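This is what each chain is made of:
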Amino acid sequence: MLDSKDFDTLFDFYKKINQKNKSENRVDFPIVELKEDVIDEIIEDLQALKKIIKELETIDMTKKLDEINYQYVFRDNLAKLIGVYGHLSSEFQDLYKLNAQFIQSLPEGPQDDSELIK
């Protein structure tokens, strides 16, 4: 499962490539926006998701659905899940857009796979 270290590694990758791109091609990608507005938010929401999952695990699943349905922990965490899923969806969409912008900031690459260095 992904954790904050994985996203830190991803950010470091973008940061290092951006530094090279900035010095060699004078193109500066909004790396701070990527970190503060996207990656940090994803990490925060994944931590919230873990907390919700732990709370859901406390529900006694041997009870009837009618009993479970009236439990605060059940209803509260279902509502929290909607919020976290919505945030993650939006944040991954932002990550998608920033990645596309990042690719466009790079110098032109190979025209097809036959030009790639293996």
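Quick note: structure is the one above.
This is a predicted model, so every value here is computed, not measured. (Residues numbered from 1 in each chain as written. Predicted model: local features only at pLDDT ≥ 70, side-chain atom pairs only at ≥ 80, totals over all residues. Heavy atoms only, no water.)

Peer 1: Can you walk me through the packing of aromatic side chains in this structure?
Peer 2: Working definition: an aromatic ring pair is given by the centre-to-centre distance plus the angle between the planes. For the structure shown, the criterion picks out 3 aromatic pairs. Pairing Phe 7 with Phe 92 gives two aromatic rings, centres 6.4 Å apart and planes at 55 degrees, and the pair type is tilted. Residue Phe 7 is found in helix 1 (residues 4–25), and its partner Phe 92 is found in helix 4 (residues 72–105); the two are separated by 85 residues along the sequence. By way of ring pairs, the aromatic residues Phe 13, Tyr 14 and Phe 102 are connected into one cluster. The ring of Phe 11 carries the charged tip of Lys 35 above its face, separated from the ring centre by 5.4 Å. (Phe/Tyr/Trp six-rings, centres within 6.5 Å; stacked < 30°, edge-to-face > 60°. Helix = DSSP H or I, 4+ residues; strand = E, 2+ residues; numbered from the N terminus. Lys NZ or Arg CZ within 6 Å of the ring centre and 35° of its normal.)

Peer 1: I keep staring at the pattern of salt bridges and nothing clicks. Help me out?
Peer 2: Close approach of charged atoms allows side chains with opposite charge to pair. What the rule picks out here adds up to 4 salt bridges. Measuring nitrogen to oxygen at the nearest pair gives 3.2 Å for the salt bridge that ties Lys 80 to Asp 76. Of this pair, Lys 80 and Asp 76 both sit in helix 4, 4 residues apart, which is roughly one turn of that helix. A relative accessible area of 35% places Lys 80 in the partly exposed class. Within this structure, Asp 8, Lys 35 and Asp 40 form a network of salt bridges that share partners. (Salt bridge = Lys/Arg side-chain N within 4 Å of Asp/Glu carboxyl O. Buried < 20%, exposed > 50% of the residue type's maximum accessible area, 1.4 Å probe, protein only.)

Peer 1: What's the story with the side chain of Asn 21 in this structure? I'm lost.
Peer 2: Locating Asn 21 in the fold gives a position in helix 1. When sequence neighbours within four positions are dropped, the list of residues in contact with Asn 21 reads Arg 26, Val 27, Ser 105, Leu 106 and Pro 107. (Contact = heavy atoms within 4.5 Å.)

Peer 1: Sorry, what's going on with helix 4 here?
Peer 2: An α-helical segment advances 3.6 residues per turn. Residues three or four places apart therefore align on the same side. In this model, helix 4 (34 residues) spans 49 Å end to end at C-alpha, consistent with the 50 Å of a helix rising 1.5 Å per residue. What helix 4 keeps buried is the set Phe 74, Asn 77, Leu 81, Val 84, Leu 88, Glu 91, Leu 95, Leu 98, Phe 102 and Ser 105. Along its buried surface, helix 4 packs onto helix 1, helix 2 (31–56) and helix 3 (65–69). (Expected span 1.5 Å × (residues − 1).)

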